[in-house]
Amino acid sequence: MDPPQLSRHKDDADLQVMMAGSTFRKVKSHSWKKPRHFRLLEDGLNIWYKSRWAGRGHSTFLVSDVEAVRQGHQSEVLQSIADEFPPNLCFTLEFRGRQGNLDLVAETPEEAGAWVRGMRKLIHKAKNMDEKERLDQWVWDWFLKADKNKDGRMNFKEVRKLLKMMNVDMNEDHAFYLFTMADTSMSSSLEIDEFVMFYKMLTQRDEVWKLFQDYSSDGEMLSRGELENILRIEQQEGDGCVEHAQELIDRYEPSEMARSQGSMSLDGFQLYLCSQEGSIFNTSHKDLYQDMSQPLSHYFLSSSHNTYLLEDQLRGQSSLEAYIQALKRGCRCVEIDCWDGPDDEPVVYHGHTLTSKILFRDVIATISEYAFKASDYPLILSLENHCGVEQQRVMAQHLELILGSMLLRAPLGGEAPQQLPSPQDLKGKILLKTKKIGCETLTDEVSDEDETVNPDPDSPSTDQGSAECPPDPSKKKAKLKMSRELSDLVVYCKSVHFRGFQHAQAHYKCDEMSSLSESKARKLAKEAGADFVQHNIRQLSRIYPSGLRTVSSNYNPQELWNVGCQIVALNFQTAGLEMDLNDGLFHQNAGCGYVLKPGFMRDSELPFDPETPQEHSGYAPLRLSIQILSGQQLPKVNQKEGSIIDPLVRVEVYGVPQDLAKEETSHIQNNGFNPVWNETLNFIVHNPGLALVRFVVEDHDKASRNDFVGQFTLPFTSIRPGYRHIHLLSKDGTSIPPASLFVNVSTSELTSGPD
């Protein structure tokens, strides 16, 4: 039996080159270029590599961890050695999440070409596997891990080690019983077909079997009508259950005979439940399902702060790759800090720090290439302009020449706007956000983020003002000259100083917007939440992290989404709860980076204050009940052999202040492979339209802080009721198949008062 990943490609010439192995130069910088030997392992899943001096030491990485292959000088590192090696020898492996690229130089163009084509075939195959193929792949992967002596068989000692690797602590007698049952050849070892049987016994799901039995009249198969009953009663799918039941049978039932009879086996039923169609996330919300024709101010935008940084704010590396990563994640507002550079070329870096510098023109060229790969909807460039007039003119030239027709240079229709255009109107366009001549008196507060180089914005000595008492304008500094050429490129995103909600309403211009620090925005949200919501119906607001966040930590964006702030900028390079919330909100609507605000945040006639949601005329709280049934193949936290996790599940709700809540299950001792909880967690959600729900799995530790295992975050409005799987993500936000939770979710109207 061939590994599933290679089964269709075993005669492929490119993959044969990869399996034979190649020596490449691994390049980290202009001066760091070292030989490494790479080869594709027989499983078709892993790339093995080592240095010639490492002795027995080597490393591997999964093909599925590679998102794309770039050919030629398509990275900063390879561009730096372009004069040394021609592009047909060079290629870049681009990894998922926040892992850095792998830049390689081959000995010959033929070898480079074989690896580029071969990797692309394997990546394409991995992305397009169906549920059955994925299952076969996991089984094969476990078999290869367990078969230590590589004889194509697995003895009981290898089985015992395998169970530890699988994160399960099983009684030795029971393990031997399963081994004996699977050993049909009675050879005291398992070949691959016998191992498949062993794996099926090991992964037998009692909770799925019970649900199956509850609806199957003969206990063996589900008829189409019985499956239809599950979809209607348990999964609450309503209309279309008859057609959907047949579609599921055609898609997931492995038995040809059962398919022809319009029935589904337990195997097929389990494949359906584990698929994306059995996911807790509403699959229709993965498509572009929202109205994209409303004014820009009616949407939340996925937004990045100091986009050029890969690490911290003081010494971190500035990199074009940071822009590529943010744009590929659907980010629709990126930040560019511009300073005068040598040779009349503006540079981008975090001013007055030791962060490295990159050329402004290279940033714009990168944006030009990647702006619309993940989303067709408008991209805003938040320009922090610290340049003199001459280099501002250079910036304007680069923007016009490099971006061409993508750059919006004049209002749509040529007239002054009465309201902001929609994302649909601005498809494929790049908008510049910075100050503009004629909007207001220009000062040397050239950066909207002037507080980032000042003391703590919360300190008493800093005059922040209140909701209607702005800072003293007499404290402003000398006027700054601005280039007319750059100013003329600012159309719908003219930066102005925030002087309070009354002033903004009295001097309303839809194309003016303000940037606020997180502390000032929080204060406004607390003091005048309803005014903030109304302001954000008409105009855009951008929020940025405190200057004290030198390690690139993040604030909770939910507090600012609660008052309708559209551009809540986060440090994308830093994983954690805050980016989980951002990813969770923007995972919907085809990941296009725009999410339509709830109706009550777009209606100027009906005031809404997140502090008092029950006072809104549309108040309709819901009860959320989540039965945590089981977990499947949770990843190990400690890779030490014999280390097994003690998992618990915590469900967290984020939204208006009254909705903040956390509940957790007990922990299961020594079982990360198939833990069973059967515990129900209950919540009251006062404002479902703003709520996000985060599922977190942790490894319980009574002596110290629990270790993170996996998480998944989604909008309350994207939750599907019924028996659902939650496909967990790593801390980095990448998938970790087949790790999942199995839950039963229900929502109901809150008929009596909250408990």
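Since the structure is predicted, the reported quantities are computational estimates derived from the model, not experimental observations. (Residues numbered from 1 in each chain as written. Predicted model: local features only at pLDDT ≥ 70, side-chain atom pairs only at ≥ 80, totals over all residues. Heavy atoms only, no water.)

Draft legend 1. Quick peek at the overall build of the protein chain. For the protein chain, the count of helices and strands is 22 helices and 28 strands. For the protein chain, whose C-alpha radius of gyration is 28 Å, the value lies close to the compact-globule estimate of 27 Å for 755 residues. Judged by the C-alpha coordinates and their principal axes, the protein chain covers about 90 × 75 × 55 Å. Across the 755 residues that make up the protein chain, the buried fraction comes to 55%. Counted over contacts in the protein chain with a minimum sequence separation of 6, partners at least 24 positions apart contribute 68%. As displayed, the protein chain has an accessible area near 32,000 Å², and 49% of this comes from carbon and sulfur atoms. Mean positive and mean negative side-chain charge positions of the protein chain (81 and 109 charges, respectively) differ by 5 Å. (Helix = DSSP H or I, 4+ residues; strand = E, 2+ residues; numbered from the N terminus. Rg over C-alpha atoms; globule rule 2.2 N^0.38 Å. Buried < 20%, exposed > 50% of the residue type's maximum accessible area, 1.4 Å probe, protein only. Contact = heavy atoms within 4.5 Å. Areas by Shrake-Rupley, 256 points an atom, 1.4 Å probe, with all protein chains shown as cover. Lys, Arg positive; Asp, Glu negative; His and termini not counted. Charge placed at Lys NZ, Arg CZ, Asp CG, Glu CD.)

Draft legend 2. Looking closely at the environment of Thr734. With respect to the helices and strands, Thr734 occurs in the loop between β27 (722-729) and β28 (735-749). The buried category is assigned to Thr734, whose relative accessible area is 19%. Distance from Thr734 to Tyr619, taken between C-alpha atoms, is 36 Å for residues 115 residues apart in sequence. Here Thr734 is in contact with Arg96, Gly97 and Leu729, once residues within four sequence places are set aside.

Draft legend 3. Broad picture of the confidence of the model for the protein chain. Taken as a whole, the protein chain shows an average pLDDT of 89; of its residues, 91% reach a score of 70 or greater. Residue range residues 450-476 is modelled with pLDDT below 50. Its contacts to residues more than four positions away, or to other chains, number 46 contacts. (pLDDT = per-residue confidence, 0-100.)

Draft legend 4. Just the packing of aromatic side chains, in detail. Taken as a whole and assessed by the stated rule, the structure comprises 25 aromatic pairs. Ring geometry for Phe143 versus Phe195: centroids 5.4 Å apart, planes at 55°, classification tilted. Separated by 52 residues along the polypeptide, Phe143 in helix α5 (residues 131-146) and Phe195 in helix α8 (residues 192-202) bring together distant segments of the chain. Taking the relative accessible area as the measure of exposure, Phe195 reaches 0% and is therefore buried. (Phe/Tyr/Trp six-rings, centres within 6.5 Å; stacked < 30°, edge-to-face > 60°.)

Draft legend 5. Representation of the sheet that holds strand β3 (residues 46-50) within the structure. Across the sheet, seven strands lie side by side as β4-β3-β2-β1-β7-β6-β5; this open sheet has antiparallel pairing. At either margin of the open sheet sits one strand with a lone partner, and together these are β4 (59-62) and β5 (66-71). Within this sheet the neighbouring strands show an average axis-to-axis angle of 35°, counted without direction. Both strand β1 (residues 22-27) and strand β2 (residues 33-40) contribute to a ladder of six bridges, which runs antiparallel. Residue pairing for β2: Val27 is matched across the bridge by Lys33. Contacts from helix α2 (residues 13-20) reach β1, β2 and β3 within the one sheet, and its direction differs from that of β2 by about 120°. (Pairing = 2+ DSSP bridges. Axes fitted to C-alpha atoms, helices over the stretch in contact; angles between N-to-C directions.)

Draft legend 6. Representation of the pattern of salt bridges. Evaluation of the coordinates by the stated rule reveals 34 salt bridges. Among the salt bridges present, the one from Lys494 reaches Asp511, with a minimum N-O distance of 2.8 Å. Here the residue Lys494 occupies a position in strand β16 (residues 493-495), and Asp511 occupies one in the loop between α18 (501-506) and β17 (512-517), the gap between them amounting to 17 residues. As far as the burial class goes, Lys494 and Asp511 line up, both buried. Arg549 is paired through a salt bridge with Glu518; the nearest N and O atoms lie 2.6 Å apart. You can see Arg549 sitting in the loop between β18 (541-544) and α21 (558-561) and its partner Glu518 sitting in helix α19 (residues 518-527), a full 31 residues away along the chain. (Salt bridge = Lys/Arg side-chain N within 4 Å of Asp/Glu carboxyl O.)

Draft legend 7. Spotlight on the packing of helix α14 (residues 320-328) against helix α15 (residues 360-370). At a minimum axis separation of 10 Å, α14 and α15 run at an interaxial angle of 25°. With respect to their mutual orientation, α14 and α15 come out roughly parallel. The crossing of α14 and α15 is right-handed. Contacts from Leu320, Tyr323, Ile324, Leu327 and Lys328 in α14 reach Asp362, Val363, Thr366, Ile367 and Tyr370 in α15. Tallied by class, residues from the contact of α14 with α15 come to seven nonpolar, one polar and two charged. (Parallel < 35°, antiparallel > 145°, perpendicular 65-115°, else oblique. Left-handed = near helix turned anticlockwise from the far one by under 90°. Nonpolar A, V, L, I, M, F, W, Y, C, P; charged D, E, K, R; others polar.)

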